Amino acid sequence: MKRTRTFIIICEAANPDDLKVIHNYVKSFGYWAHITSSTWAVMSDEYSPVDIRNKIAGVLETGSRVLVVESANVAAWLNPMCSNEWLEKNI
């Protein structure tokens, strides 16, 4: 069985309101987690990191920073906003 790809999105928004826009975009993936105040994980077999970055960049103000990384399924964390179980299963 093929495993769905997981992407980590980290954003430093020049305008704090942009985080709400990003959050709404992330929710469009259907299966996602809000890990920290500016970090999300999404699952998709339809998009690449570049696709996701470009979509987010299109709604951010100049000066914002975005990093999108495809998970290699090895991670460690402390006190995420989402459940540990979600991360254990999907990262």
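Above this text is the structure in question.
The rules behind these values
- Position numbers for residues count from 1 along each chain, tracking the sequence in the order it is written.
- Restriction of local features to residues with pLDDT of at least 70 applies here, the model being predicted, together with a cutoff of 80 or more for giving and counting side-chain atom pairs; totals for whole chains, interfaces and linings are based on all residues.
- Excluding hydrogens and water, the side-chain values take into account all heavy atoms of the structure.
- One requirement defines pairing of two strands: DSSP has to find at least two bridges between them.
- Numbering of helices and strands starts at the N terminus; helices are DSSP runs of H or I of at least 4 residues and strands are runs of E of at least 2.
- Under this scheme, a helix contributes an axis fitted over its contacting stretch, all axes are lines through C-alpha atoms, and angles between N-to-C directions fall in the 0 to 180 degree range.
- A contact between two residues is defined here by any heavy atoms of the two lying within 4.5 Å.

### Things to note about the sheet that holds strand E3 (residues 39-43)
Spatially, 4 strands are ordered E2-E3-E1-E4 in an open sheet, and the strand pairing comes out antiparallel. Only two strands of the sheet have a single partner each, and these edge strands are strand E2 (32-36) and strand E4 (65-70). If you compare each strand with its neighbour and ignore which way they point, the axes differ by 20° on average. Relative to E3, E2 runs antiparallel, the two sharing 4 bridges. Among the inter-strand pairings, Thr-36 is bridged to a residue of E3, identified as Thr-39. This element, helix H1 (residues 18-27), spans strand E1 (6-12), E2 and E3 of the sheet and lies at about 20° to E3.

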